[in-house]
Amino acid sequence: MNISPRTNGITAGRLTEDELAQNFSDLHPPLEKHEAHVAADRCYFCHDAPCMTACPTSIDIPLFIRQIATGTPEAAAKTIFDQNILGGMCARVCPTETLCEEVCVREIAEGKPVEIGRLQRYATDRLMAQNTHPFERAAPTGKRIAVVGAGPAGLSCAHRLAMKGHEVVILDARPKPGGLNEYGIASYKSTENFAQAEIDWLLRIGGITIEPGTALGRDVTLEALSSRFDAVFIGMGLNGVNALSTPGEGLANARDAVDFIADLRQAEDLQSLPVGRNVVVIGGGMTAIDAAVQSRLLGAETVTVAYRRGQDRMAASVYEQQLATASGVRILANAQPVALHGNDALEAVEFEYTRDVDGRLTGTGETIRIPADQCLRAIGQTLAGAPGTLDLSGGKIAVTGAGRTSLPGVWAGGDCATGGDDLTVTAVAEGRDAAEDIHTTLMGEG
(Lines give C-alpha, C1' and ligand atoms only; values in the text may rest on other atoms or scores of the structure.)
Protein backbone atom coordinates (compact mmCIF):
# COMPACT_ATOMS: atom_id res chain seq x y z
CA MET A 1 0.00 0.00 0.00
CA ASN A 2 1.34 3.42 -0.98
CA ILE A 3 1.06 5.64 2.11
CA SER A 4 0.86 9.41 1.57
CA PRO A 5 -0.67 12.52 3.20
CA ARG A 6 -3.91 11.64 1.38
CA THR A 7 -4.20 8.19 2.94
CA ASN A 8 -7.33 7.99 5.09
CA GLY A 9 -7.24 7.23 8.80
CA ILE A 10 -4.33 7.32 11.22
CA THR A 11 -1.19 5.82 9.78
CA ALA A 12 2.57 6.04 9.97
CA GLY A 13 5.00 6.69 7.15
CA ARG A 14 3.15 9.48 5.34
CA LEU A 15 6.46 11.11 4.40
CA THR A 16 9.90 9.81 3.45
CA GLU A 17 12.83 9.80 5.84
CA ASP A 18 14.42 12.69 3.94
CA GLU A 19 11.22 14.74 4.09
CA LEU A 20 10.87 14.14 7.83
CA ALA A 21 14.52 15.00 8.46
CA GLN A 22 14.02 18.29 6.64
CA ASN A 23 10.74 19.06 8.41
CA PHE A 24 12.16 18.44 11.87
CA SER A 25 15.49 20.18 11.38
CA ASP A 26 16.48 23.12 13.59
CA LEU A 27 13.84 25.85 13.47
CA HIS A 28 16.50 28.54 14.00
CA PRO A 29 19.91 27.22 12.87
CA PRO A 30 22.82 28.36 15.08
CA LEU A 31 24.70 31.50 14.16
CA GLU A 32 28.16 31.22 12.65
CA LYS A 33 30.95 33.30 14.19
CA HIS A 34 30.69 36.12 11.63
CA GLU A 35 26.89 36.18 11.86
CA ALA A 36 27.09 36.40 15.65
CA HIS A 37 29.45 39.38 15.49
CA VAL A 38 27.22 41.18 12.98
CA ALA A 39 24.15 40.51 15.16
CA ALA A 40 25.97 41.65 18.32
CA ASP A 41 27.08 44.89 16.65
CA ARG A 42 23.43 45.93 16.35
CA CYS A 43 23.07 46.17 20.14
CA TYR A 44 23.11 49.67 21.64
CA PHE A 45 24.29 48.24 25.00
CA CYS A 46 21.64 50.30 26.77
CA HIS A 47 22.44 51.40 30.33
CA ASP A 48 18.87 50.84 31.56
CA ALA A 49 18.24 47.97 29.19
CA PRO A 50 14.53 47.15 28.78
CA CYS A 51 15.46 43.70 27.50
CA MET A 52 17.08 42.83 30.82
CA THR A 53 13.98 43.96 32.71
CA ALA A 54 11.80 41.81 30.45
CA CYS A 55 13.86 38.67 31.05
CA PRO A 56 12.33 36.59 33.88
CA THR A 57 15.82 35.47 34.92
CA SER A 58 17.27 39.02 34.68
CA ILE A 59 20.22 38.04 32.52
CA ASP A 60 22.57 40.97 31.88
CA ILE A 61 21.82 40.95 28.16
CA PRO A 62 23.86 44.03 27.13
CA LEU A 63 26.89 42.61 28.94
CA PHE A 64 26.79 39.18 27.34
CA ILE A 65 26.22 40.66 23.87
CA ARG A 66 29.19 43.00 24.38
CA GLN A 67 31.27 39.99 25.40
CA ILE A 68 30.31 38.26 22.15
CA ALA A 69 31.15 41.41 20.19
CA THR A 70 34.61 41.52 21.79
CA GLY A 71 35.32 37.89 20.91
CA THR A 72 34.77 36.25 24.31
CA PRO A 73 31.64 34.09 23.87
CA GLU A 74 32.66 31.81 26.74
CA ALA A 75 32.58 34.79 29.11
CA ALA A 76 29.19 35.68 27.64
CA ALA A 77 27.95 32.18 28.43
CA LYS A 78 29.15 32.51 32.02
CA THR A 79 27.18 35.77 32.31
CA ILE A 80 24.08 33.93 31.07
CA PHE A 81 24.54 30.85 33.25
CA ASP A 82 25.05 32.98 36.36
CA GLN A 83 21.35 33.81 36.15
CA ASN A 84 19.93 30.96 34.07
CA ILE A 85 21.65 27.59 34.26
CA LEU A 86 19.32 26.31 31.52
CA GLY A 87 20.26 29.20 29.25
CA GLY A 88 20.93 26.83 26.36
CA MET A 89 17.40 25.46 26.27
CA CYS A 90 15.84 28.84 26.97
CA ALA A 91 17.74 30.26 23.99
CA ARG A 92 15.90 27.71 21.86
CA VAL A 93 12.39 27.76 23.31
CA CYS A 94 11.85 31.13 25.01
CA PRO A 95 9.18 33.29 23.37
CA THR A 96 11.74 36.07 22.97
CA GLU A 97 9.34 37.84 20.63
CA THR A 98 7.11 38.63 23.61
CA LEU A 99 9.89 39.09 26.18
CA CYS A 100 13.36 40.59 25.65
CA GLU A 101 13.17 41.14 21.89
CA GLU A 102 9.73 42.75 22.04
CA VAL A 103 11.10 45.65 24.11
CA CYS A 104 14.45 45.90 22.32
CA VAL A 105 15.17 49.51 21.31
CA ARG A 106 16.00 48.30 17.80
CA GLU A 107 12.57 46.64 17.58
CA ILE A 108 10.80 49.81 18.63
CA ALA A 109 12.84 52.02 16.28
CA GLU A 110 13.24 49.73 13.26
CA GLY A 111 10.84 46.84 13.65
CA LYS A 112 13.74 44.38 13.83
CA PRO A 113 15.18 43.56 17.27
CA VAL A 114 18.64 42.38 18.14
CA GLU A 115 18.53 38.58 17.85
CA ILE A 116 18.99 38.06 21.57
CA GLY A 117 17.81 34.44 21.62
CA ARG A 118 20.13 33.31 18.83
CA LEU A 119 23.05 35.21 20.37
CA GLN A 120 22.36 33.51 23.70
CA ARG A 121 22.43 30.14 21.97
CA TYR A 122 25.68 31.04 20.20
CA ALA A 123 27.38 31.77 23.51
CA THR A 124 26.00 28.88 25.56
CA ASP A 125 26.61 26.32 22.83
CA ARG A 126 30.24 27.40 22.55
CA LEU A 127 30.90 26.92 26.25
CA MET A 128 28.96 23.66 26.57
CA ALA A 129 30.84 22.19 23.60
CA GLN A 130 34.07 22.50 25.60
CA ASN A 131 32.77 19.85 28.03
CA THR A 132 33.65 22.02 31.00
CA HIS A 133 31.47 23.41 33.74
CA PRO A 134 31.83 27.07 34.69
CA PHE A 135 30.91 26.66 38.37
CA GLU A 136 32.48 24.92 41.37
CA ARG A 137 30.82 23.61 44.51
CA ALA A 138 31.26 25.37 47.80
CA ALA A 139 32.49 23.45 50.83
CA PRO A 140 30.01 20.74 51.94
CA THR A 141 27.35 22.04 54.32
CA GLY A 142 26.10 18.65 55.52
CA LYS A 143 22.56 19.60 54.48
CA ARG A 144 20.41 17.40 52.23
CA ILE A 145 17.52 18.67 50.11
CA ALA A 146 14.91 16.69 48.18
CA VAL A 147 13.72 18.12 44.89
CA VAL A 148 10.49 16.70 43.49
CA GLY A 149 10.49 16.99 39.72
CA ALA A 150 13.37 17.04 37.24
CA GLY A 151 11.90 19.76 35.04
CA PRO A 152 13.29 23.28 34.59
CA ALA A 153 12.32 24.48 38.08
CA GLY A 154 13.70 21.39 39.83
CA LEU A 155 16.94 21.31 37.83
CA SER A 156 17.56 25.02 38.38
CA CYS A 157 16.90 24.68 42.10
CA ALA A 158 19.09 21.59 42.41
CA HIS A 159 22.04 23.16 40.60
CA ARG A 160 22.02 26.31 42.72
CA LEU A 161 21.77 24.27 45.93
CA ALA A 162 24.58 21.94 44.85
CA MET A 163 26.76 24.92 43.97
CA LYS A 164 26.33 26.17 47.53
CA GLY A 165 27.59 22.88 48.95
CA HIS A 166 24.36 21.03 49.69
CA GLU A 167 23.58 17.45 48.70
CA VAL A 168 20.52 17.18 46.47
CA VAL A 169 18.34 14.24 45.50
CA ILE A 170 15.92 14.80 42.60
CA LEU A 171 12.87 12.53 42.43
CA ASP A 172 11.03 12.35 39.12
CA ALA A 173 8.03 10.28 38.06
CA ARG A 174 9.19 9.78 34.47
CA PRO A 175 11.94 7.45 33.30
CA LYS A 176 14.04 10.36 31.98
CA PRO A 177 14.72 13.75 33.58
CA GLY A 178 13.95 17.05 31.89
CA GLY A 179 10.22 17.53 32.37
CA LEU A 180 8.67 19.58 29.57
CA ASN A 181 12.12 20.22 28.10
CA GLU A 182 12.34 16.49 27.37
CA TYR A 183 8.70 15.55 26.82
CA GLY A 184 6.72 18.65 25.96
CA ILE A 185 8.58 20.90 23.51
CA ALA A 186 8.29 20.69 19.73
CA SER A 187 11.08 18.58 18.26
CA TYR A 188 12.12 21.24 15.75
CA LYS A 189 12.88 23.62 18.64
CA SER A 190 15.19 21.24 20.50
CA THR A 191 17.06 18.89 18.19
CA GLU A 192 19.83 16.32 18.60
CA ASN A 193 18.73 15.25 22.10
CA PHE A 194 19.75 18.61 23.50
CA ALA A 195 17.59 18.33 26.63
CA GLN A 196 19.52 15.32 27.91
CA ALA A 197 22.86 16.76 26.85
CA GLU A 198 22.09 19.90 28.84
CA ILE A 199 21.17 17.85 31.92
CA ASP A 200 24.41 15.83 31.67
CA TRP A 201 26.33 19.11 31.51
CA LEU A 202 24.40 20.60 34.44
CA LEU A 203 25.12 17.57 36.62
CA ARG A 204 28.86 18.17 36.31
CA ILE A 205 28.53 20.53 39.27
CA GLY A 206 28.39 17.38 41.41
CA GLY A 207 26.34 16.70 44.51
CA ILE A 208 23.13 15.89 42.62
CA THR A 209 21.53 12.44 42.42
CA ILE A 210 18.49 11.73 40.22
CA GLU A 211 16.03 8.97 41.10
CA PRO A 212 13.73 8.42 38.07
CA GLY A 213 10.44 6.58 38.23
CA THR A 214 9.66 7.98 41.70
CA ALA A 215 6.36 9.84 42.03
CA LEU A 216 5.23 11.92 44.97
CA GLY A 217 2.16 10.30 46.52
CA ARG A 218 2.65 7.00 44.73
CA ASP A 219 6.17 6.03 45.80
CA VAL A 220 6.97 8.52 48.54
CA THR A 221 5.04 10.92 50.75
CA LEU A 222 5.84 14.53 51.53
CA GLU A 223 5.93 13.64 55.21
CA ALA A 224 8.58 10.99 54.56
CA LEU A 225 10.69 13.42 52.55
CA SER A 226 10.40 16.10 55.21
CA SER A 227 11.61 13.64 57.85
CA ARG A 228 14.58 12.46 55.75
CA PHE A 229 15.76 15.77 54.32
CA ASP A 230 16.51 19.22 55.68
CA ALA A 231 14.26 20.85 53.08
CA VAL A 232 11.98 19.91 50.19
CA PHE A 233 11.40 21.73 46.91
CA ILE A 234 8.38 20.74 44.80
CA GLY A 235 8.65 21.40 41.08
CA MET A 236 6.43 18.61 39.79
CA GLY A 237 4.81 20.63 36.99
CA LEU A 238 1.22 20.15 35.90
CA ASN A 239 0.69 16.43 35.48
CA GLY A 240 -3.06 16.34 34.83
CA VAL A 241 -5.07 17.47 31.80
CA ASN A 242 -8.44 19.15 31.47
CA ALA A 243 -11.28 17.21 29.91
CA LEU A 244 -13.46 18.50 27.07
CA SER A 245 -16.62 17.20 28.75
CA THR A 246 -18.37 16.87 25.40
CA PRO A 247 -20.24 13.91 23.88
CA GLY A 248 -17.93 11.54 22.01
CA GLU A 249 -14.79 12.49 23.90
CA GLY A 250 -14.06 8.81 24.50
CA LEU A 251 -13.98 7.90 20.79
CA ALA A 252 -10.85 6.24 19.49
CA ASN A 253 -8.26 8.62 18.05
CA ALA A 254 -9.17 11.48 20.39
CA ARG A 255 -6.27 12.06 22.78
CA ASP A 256 -4.38 14.67 24.76
CA ALA A 257 -1.95 16.80 22.78
CA VAL A 258 0.69 16.55 25.53
CA ASP A 259 0.80 12.77 25.08
CA PHE A 260 1.06 13.14 21.31
CA ILE A 261 4.00 15.54 21.69
CA ALA A 262 5.69 13.28 24.27
CA ASP A 263 5.40 10.27 21.93
CA LEU A 264 6.93 12.30 19.14
CA ARG A 265 9.79 13.51 21.31
CA GLN A 266 10.62 9.96 22.39
CA ALA A 267 10.22 8.33 18.95
CA GLU A 268 13.49 6.98 17.57
CA ASP A 269 12.00 6.73 14.08
CA LEU A 270 9.56 9.46 13.03
CA GLN A 271 8.34 7.30 10.16
CA SER A 272 6.91 4.90 12.74
CA LEU A 273 4.78 7.60 14.39
CA PRO A 274 1.14 7.50 13.19
CA VAL A 275 -0.81 10.67 12.42
CA GLY A 276 -4.22 11.31 10.92
CA ARG A 277 -5.03 12.62 7.46
CA ASN A 278 -7.37 15.27 8.90
CA VAL A 279 -6.31 16.48 12.35
CA VAL A 280 -8.22 18.85 14.61
CA VAL A 281 -6.44 20.44 17.58
CA ILE A 282 -8.56 22.09 20.25
CA GLY A 283 -6.91 24.89 22.19
CA GLY A 284 -5.13 28.22 21.79
CA GLY A 285 -1.83 27.90 23.62
CA MET A 286 1.68 26.76 22.78
CA THR A 287 0.81 23.09 23.22
CA ALA A 288 -1.94 23.40 20.62
CA ILE A 289 0.37 25.11 18.14
CA ASP A 290 3.21 22.64 18.71
CA ALA A 291 0.87 19.68 18.23
CA ALA A 292 -0.69 21.19 15.11
CA VAL A 293 2.56 22.14 13.40
CA GLN A 294 4.13 18.77 14.13
CA SER A 295 1.06 16.97 12.77
CA ARG A 296 1.60 18.81 9.50
CA LEU A 297 5.32 18.05 9.55
CA LEU A 298 4.54 14.35 10.01
CA GLY A 299 2.41 14.45 6.85
CA ALA A 300 -1.18 15.23 7.87
CA GLU A 301 -3.00 16.69 4.88
CA THR A 302 -5.23 19.11 6.79
CA VAL A 303 -4.72 20.44 10.32
CA THR A 304 -7.10 22.83 12.06
CA VAL A 305 -6.52 24.60 15.37
CA ALA A 306 -9.88 25.58 16.88
CA TYR A 307 -10.04 28.13 19.69
CA ARG A 308 -13.18 29.22 21.50
CA ARG A 309 -12.34 32.93 21.69
CA GLY A 310 -10.97 35.48 19.22
CA GLN A 311 -7.56 34.84 17.71
CA ASP A 312 -6.16 37.88 19.52
CA ARG A 313 -6.98 36.12 22.81
CA MET A 314 -4.87 33.04 22.04
CA ALA A 315 -2.11 32.35 24.55
CA ALA A 316 0.24 31.38 21.72
CA SER A 317 2.20 34.39 20.50
CA VAL A 318 1.54 36.05 17.16
CA TYR A 319 4.87 34.66 15.96
CA GLU A 320 3.83 31.11 16.83
CA GLN A 321 0.47 31.60 15.16
CA GLN A 322 2.23 32.81 12.02
CA LEU A 323 4.57 29.83 12.18
CA ALA A 324 1.52 27.56 12.25
CA THR A 325 -0.22 29.18 9.31
CA ALA A 326 3.04 29.21 7.33
CA SER A 327 3.19 25.45 7.93
CA GLY A 328 -0.28 25.02 6.46
CA VAL A 329 -2.28 24.97 9.70
CA ARG A 330 -5.72 26.58 9.63
CA ILE A 331 -6.70 28.60 12.70
CA LEU A 332 -10.43 28.66 13.42
CA ALA A 333 -11.24 31.25 16.08
CA ASN A 334 -14.48 31.78 17.99
CA ALA A 335 -15.41 28.10 17.82
CA GLN A 336 -16.07 25.93 20.85
CA PRO A 337 -16.39 22.12 20.64
CA VAL A 338 -19.84 20.68 21.28
CA ALA A 339 -19.46 17.06 20.17
CA LEU A 340 -17.14 14.49 18.65
CA HIS A 341 -18.85 12.26 16.09
CA GLY A 342 -18.09 8.78 14.78
CA ASN A 343 -18.86 5.09 15.06
CA ASP A 344 -16.24 3.80 17.51
CA ALA A 345 -13.53 5.88 15.80
CA LEU A 346 -13.59 9.63 15.31
CA GLU A 347 -15.02 10.97 12.05
CA ALA A 348 -15.74 14.66 12.70
CA VAL A 349 -15.65 17.34 15.38
CA GLU A 350 -18.62 19.67 15.74
CA PHE A 351 -18.14 23.27 16.84
CA GLU A 352 -20.47 26.10 17.73
CA TYR A 353 -19.43 29.59 16.75
CA THR A 354 -19.07 32.03 19.63
CA ARG A 355 -18.89 35.73 20.31
CA ASP A 356 -18.00 37.91 23.27
CA VAL A 357 -20.97 39.69 24.82
CA ASP A 358 -20.02 42.10 27.59
CA GLY A 359 -16.90 40.07 28.24
CA ARG A 360 -18.76 36.75 28.39
CA LEU A 361 -18.35 33.97 25.85
CA THR A 362 -21.71 33.21 24.22
CA GLY A 363 -22.67 30.62 21.63
CA THR A 364 -24.34 31.88 18.47
CA GLY A 365 -26.28 28.68 17.77
CA GLU A 366 -24.53 28.27 14.42
CA THR A 367 -22.47 25.08 14.16
CA ILE A 368 -19.91 23.55 11.84
CA ARG A 369 -18.61 19.99 11.48
CA ILE A 370 -14.97 19.52 10.55
CA PRO A 371 -13.96 16.09 9.18
CA ALA A 372 -11.34 14.56 11.46
CA ASP A 373 -9.79 11.16 11.97
CA GLN A 374 -7.67 12.49 14.86
CA CYS A 375 -8.46 15.04 17.56
CA LEU A 376 -5.83 16.42 19.92
CA ARG A 377 -6.97 18.17 23.11
CA ALA A 378 -4.83 21.07 24.30
CA ILE A 379 -7.17 22.90 26.65
CA GLY A 380 -4.89 23.25 29.63
CA GLN A 381 -3.24 21.13 32.29
CA THR A 382 -4.00 20.74 35.97
CA LEU A 383 -2.12 19.85 39.12
CA ALA A 384 -2.65 16.25 40.16
CA GLY A 385 -1.09 14.45 43.10
CA ALA A 386 -0.19 17.44 45.24
CA PRO A 387 -0.14 16.52 48.94
CA GLY A 388 -3.38 17.49 50.66
CA THR A 389 -1.44 19.07 53.50
CA LEU A 390 -0.34 21.93 51.24
CA ASP A 391 -2.51 24.99 50.78
CA LEU A 392 -3.68 25.49 47.20
CA SER A 393 -4.74 28.62 45.33
CA GLY A 394 -6.40 28.55 41.94
CA GLY A 395 -5.66 24.84 41.62
CA LYS A 396 -1.93 25.30 42.24
CA ILE A 397 0.34 25.15 45.28
CA ALA A 398 0.09 28.48 47.10
CA VAL A 399 3.46 30.15 47.63
CA THR A 400 4.72 33.41 49.05
CA GLY A 401 8.03 35.15 48.55
CA ALA A 402 10.65 32.92 46.96
CA GLY A 403 8.46 29.83 46.80
CA ARG A 404 7.60 29.26 50.46
CA THR A 405 4.56 27.04 50.88
CA SER A 406 2.16 26.75 53.81
CA LEU A 407 4.40 24.08 55.36
CA PRO A 408 7.68 24.97 57.05
CA GLY A 409 10.67 23.49 55.24
CA VAL A 410 8.77 23.02 51.97
CA TRP A 411 9.18 25.25 48.92
CA ALA A 412 7.58 25.04 45.46
CA GLY A 413 8.05 26.61 42.05
CA GLY A 414 7.41 26.24 38.35
CA ASP A 415 4.08 25.41 36.74
CA CYS A 416 2.73 23.61 39.83
CA ALA A 417 2.92 26.75 41.98
CA THR A 418 1.21 30.11 41.92
CA GLY A 419 3.41 32.77 40.44
CA GLY A 420 4.45 33.80 36.94
CA ASP A 421 3.70 32.59 33.45
CA ASP A 422 3.94 28.90 32.55
CA LEU A 423 7.27 29.34 30.76
CA THR A 424 10.54 27.44 30.98
CA VAL A 425 12.45 30.61 31.77
CA THR A 426 10.02 31.56 34.56
CA ALA A 427 10.33 28.09 36.08
CA VAL A 428 14.12 28.41 36.02
CA ALA A 429 13.94 31.74 37.83
CA GLU A 430 11.57 30.38 40.48
CA GLY A 431 13.73 27.32 41.10
CA ARG A 432 16.85 29.47 41.39
CA ASP A 433 15.22 31.96 43.77
CA ALA A 434 13.77 29.19 45.94
CA ALA A 435 17.24 27.63 46.20
CA GLU A 436 18.66 30.92 47.43
CA ASP A 437 15.91 31.15 50.06
CA ILE A 438 16.40 27.53 51.11
CA HIS A 439 20.12 28.12 51.52
CA THR A 440 19.61 31.27 53.56
CA THR A 441 17.08 29.49 55.79
CA LEU A 442 19.17 26.37 56.36
CA MET A 443 22.35 28.30 57.09
CA GLY A 444 20.58 30.62 59.52
CA GLU A 445 21.39 33.72 57.48
CA GLY A 446 17.83 34.99 57.10
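Whatever comes next refers back to the structure up there.
Residues numbered from 1 in each chain as written. Predicted model: local features only at pLDDT ≥ 70, side-chain atom pairs only at ≥ 80, totals over all residues. Heavy atoms only, no water.

(A) Region of the structure containing the sheet that holds strand β7 (residues 254-256). With parallel pairing, five strands are arranged side by side in an open sheet as β7-β15-β9-β10-β11. Strand pairing shows two members of the sheet lacking a second neighbour, β7 and β11 (329-332), which therefore form its edges. Ignoring which end each strand starts from, the neighbouring axes of this sheet average 20° apart. When strand β9 (residues 278-282) meets strand β10 (residues 302-306), the two strands line up parallel, connected through five bridges. Within β10, the residue paired with Asn 278 across the bridge is Thr 302. Sheet strands touched by helix α13 (residues 257-266): β7 and β15 (374-377). Its angle to β7, the strand with the most contacts, is close to 75°. Sheet contacts for helix α14 (residues 286-298): β9, β10, β11 and β15; angle to β10, the most-contacted strand, approximately 170°. (Pairing = 2+ DSSP bridges. Helix = DSSP H or I, 4+ residues; strand = E, 2+ residues; numbered from the N terminus. Axes fitted to C-alpha atoms, helices over the stretch in contact; angles between N-to-C directions. Contact = heavy atoms within 4.5 Å.)

(B) Expanded view of α13. Every buried residue of α13 is accounted for by Ala 257, Phe 260, Ile 261, Ala 262, Leu 264 and Arg 265. For α13, the elements touching its buried residues are α10 (180-183), α11 (194-202), β7, β8 (275-276), α14 and β15. (Buried < 20%, exposed > 50% of the residue type's maximum accessible area, 1.4 Å probe, protein only.)

(C) Region of the structure containing the packing of aromatic side chains. In this structure the tally under the stated criterion is one aromatic pair. Ring geometry for Phe 81 against Trp 201: centres 4.6 Å apart, planes inclined by 40°, an arrangement best described as tilted. Of the two residues, Phe 81 sits in helix α5 (residues 73-83) while Trp 201 sits in helix α11, which places them 120 residues apart along the sequence. Take Phe 81 and Trp 201: they sit in the same class, and that class is buried. (Phe/Tyr/Trp six-rings, centres within 6.5 Å; stacked < 30°, edge-to-face > 60°.)

(D) Quick peek at the environment of Val 425. Note on placement: Val 425 falls in helix α16 (residues 424-442). Given a relative accessible area of 2%, Val 425 falls into the buried group. With sequence-adjacent residues up to four places away left out, Val 425 is seen in contact with Pro 56, Thr 57, Asn 84, Cys 90, Cys 94 and Leu 99.

(E) Representation of the pattern of salt bridges. A full pass over the atoms with the stated rule returns 24 salt bridges. The salt bridge partner of Asp 26 is Arg 121, with a shortest N-O separation of 2.8 Å. Of the two residues, Asp 26 sits in the loop between α1 (17-23) and α2 (33-40) while Arg 121 sits in helix α8 (residues 116-128), which places them 95 residues apart along the sequence. You can call Arg 121 buried: its relative accessible area is 10%. Measuring nitrogen to oxygen at the nearest pair gives 3.9 Å for the salt bridge that ties Glu 350 to Arg 369. Here Glu 350, found in strand β13 (residues 348-357), pairs with Arg 369, found in strand β14 (residues 360-371); they are 19 residues apart in sequence, far enough to count as distant. Overall, the relative accessible area of 16% leaves Glu 350 in the buried class. (Salt bridge = Lys/Arg side-chain N within 4 Å of Asp/Glu carboxyl O.)

(F) Representation of the nonpolar core. Within the largest apolar cluster, 64 residues are counted, with the highest numbers of intra-cluster contacts made by Ile 61, Phe 64, Ile 65, Ile 68, Leu 119 and Ile 438. Other than its neighbours up to four places away in sequence, Ile 68 contacts Ala 36, His 37, Ala 40, Pro 73, Ala 76, Leu 119, Tyr 122 and Ala 123. Counting 32 residues, the second largest nonpolar core, distinct from the first, contains Tyr 188, Ile 261, Ala 292 and Ala 324. (Core = buried A, V, L, I, M, F, W, Y, C linked by side-chain atoms within 4.5 Å.)

(G) Region of interest: unusual backbone geometry. Within the chain, Ser 58 stands out as a residue other than glycine whose phi angle is a positive 55°. Mapped onto the elements, Ser 58 comes out in the loop between α3 (50-54) and α4 (61-69). Assessed through its relative accessible area of 34%, Ser 58 is described here as partly exposed.

(H) Molecular detail of the sheet that holds β14. If you walk across this open sheet you meet the three strands as β12-β13-β14, and the pairing is antiparallel. At either margin of the open sheet sits one strand with a lone partner, and together these are β12 (335-341) and β14. Going across the sheet, the axis of each strand differs from the next one's by a mean of 25°, ignoring polarity. Pairing between β12 and β13: six bridges, direction antiparallel. Within the sheet, the bridge partner assigned to Ala 339 lies in β13 and is Glu 350.

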